[in-house]
Amino acid sequence: NKATGQLSYPGNNAEKEPVIEQYKTLSTLYHFYFDRLQRLWFIEWGNRSFPYIYCYDIKTNKPVVEKAELISSLKTYHEIRGFFQQQDGTVWVKGLLVFAKFNETEKKFQPVYNGYQNERSIAYEAAHCLYEDRENNVWVTTDNNGLYRFNPSMEFFSNIGHINRMTGKKGEGGAMCF
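What you are looking at is a predicted structure, and each value in this text was computed from that prediction instead of being measured.

Caption draft 1: Local environment of the overall build of the protein. The secondary structure content of the protein amounts to 3 helices and 11 strands. Reading the protein from its N end, one meets helices and strands in the order α-β-β-β-β-α-β-β-β-β-β-β-β-α. For the protein, long-range pairs separated by at least 24 residues make up 31% of all intrachain contacts whose partners lie at least 6 apart in sequence. Carbon and sulfur atoms provide 51% of the accessible area of the protein, an area that totals close to 11,600 Å².

Listed below in structure tokens is the structure:
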């Protein structure tokens, strides 16, 4: 606390900060991020082989997300290396083998499909930096495949293959109707 000069932390919560009390038993915390709604996002790694995501609302002093994980959907080792918030409030998580959008309604992260299929897809080993331009495009830098740009509100997409009805084999080219 800049005004009082007091420093609070687990084991010495001098000013009885609710967020410190809430998470005093956690260890190995990383990537603290305050969003525009005055929520604190962070990662707890602990002694597991995958990270948990937490979000705490500083205004209401209540948890928003507790122990969210991506291992069940990604099904591979990954490292969360930070958060990003768009102008519309959308929160993203990025890192090694992870790039995901937070669904506020379901309080879950929705991973972006990782695999190049055409010019409207993305492939990455790590999503490093995210930036939003004035047209609400999100620019994503990767360590292996360069720079990507997309507009999540207009094209947060999934690539879906199709079967050729005549041959029964995987179709090629674009779908003609939907």
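Read on for the rest.
Caption draft 2: Quick peek at the sheet that holds strand β2 (residues 39-44). Sheet architecture is open: 4 strands sit in the order β1-β2-β3-β4, paired in antiparallel fashion. Because the sheet does not close on itself, it has two edges, and the strands there are β1 (29-34) and β4 (62-68). Here the strands of the sheet are splayed against their neighbours by 15° on average, with no regard to which way each runs. Where β1 lies against β2, 4 bridges are found, and the strand directions are antiparallel. Bridged to Tyr30 within β2 is Ile43.

Caption draft 3: Representation of the pattern of salt bridges in the model. Throughout the structure, instances matching the rule amount to 5 salt bridges. Arg81 serves as the salt-bridge partner of Glu79, at 2.8 Å between the closest nitrogen and oxygen. It is possible to trace a salt-bridge network through shared partners that takes in Asp35, Arg39, Glu104 and Lys107.

Caption draft 4: Quick look at the side chain of Arg39. For Arg39, the location among the structural elements is in strand β2. At a separation of 2.7 Å, a polar atom in the side chain of Arg39 contacts the side chain of Asp35. Contacts of Arg39, omitting those with residues within four sequence positions, involve Tyr33, Phe34, Cys55, Tyr56, Asp57, Ile58, Val64, Val91 and Glu104.

Caption draft 5: Local environment of the sheet that holds strand β9 (residues 127-132). Reading across from one edge, β9-β10-β11 is the order of the 3 strands in this open sheet, with antiparallel pairing throughout. The two strands at the open ends of the sheet, each matched to only one other strand, are β9 and β11 (147-150). Pairs of neighbouring strands in the sheet enclose a mean axial angle of 20°, with direction left out of account. Bridge count for β9 against strand β10 (residues 138-142) is 5 bridges, and the pairing is antiparallel. Pairing of Cys129 across the sheet is with Thr141, part of β10.

Caption draft 6: A look at unusual backbone geometry. Non-glycine residue Thr28 carries a positive phi angle of around 55°. Relative to the helices and strands, Thr28 is located in the loop between α1 (18-22) and β1. By relative accessible area, Thr28 is classed as partly exposed at 35%. Positive phi is not limited to glycine here, since Lys107 has a value of about 60°. Its place among the elements puts Lys107 in the loop between β7 (98-103) and β8 (108-111). Among the residues examined, Lys107 registers a relative accessible area of 36% and is labelled partly exposed.

Caption draft 7: Fine view of the side chain of Asn151. Here Asn151 lies in the loop between β11 and α3 (152-155). You can call Asn151 buried: its relative accessible area is 7%. Only 3.2 Å separates the side chain of Asn151 from the backbone oxygen of Glu135, close enough to count as a polar contact.

Caption draft 8: Looking closely at the packing of aromatic side chains. With the rule as written, the count across this model stands at 16 aromatic pairs. Measuring from ring centre to ring centre gives 5.1 Å for Trp92 and Phe99, while their planes differ by 25°; the resulting arrangement is stacked. Each of the two residues, Trp92 as well as Phe99, counts as buried. Judged by centre distance (6.2 Å) and plane angle (85°), the ring pair of Phe99 and Tyr124 falls under edge-to-face. Of this pair, Phe99 sits in strand β7 while Tyr124 sits in the loop between β8 and β9, and the two are 25 residues apart along the sequence. Taken together through their ring pairs, the aromatic side chains of Tyr23, Phe32, Phe42, Tyr54 and Tyr56 make up a single cluster.

What counts and how
Residues numbered from 1 in each chain as written. Predicted model: local features only at pLDDT ≥ 70, side-chain atom pairs only at ≥ 80, totals over all residues. Heavy atoms only, no water. Helix = DSSP H or I, 4+ residues; strand = E, 2+ residues; numbered from the N terminus. Contact = heavy atoms within 4.5 Å. Areas by Shrake-Rupley, 256 points an atom, 1.4 Å probe, with all protein chains shown as cover. Pairing = 2+ DSSP bridges. Axes fitted to C-alpha atoms, helices over the stretch in contact; angles between N-to-C directions. Salt bridge = Lys/Arg side-chain N within 4 Å of Asp/Glu carboxyl O. Polar contact = N/O pair within 3.5 Å; in protein donor to acceptor, adjacent residues only side chain to side chain. Buried < 20%, exposed > 50% of the residue type's maximum accessible area, 1.4 Å probe, protein only. Phe/Tyr/Trp six-rings, centres within 6.5 Å; stacked < 30°, edge-to-face > 60°.

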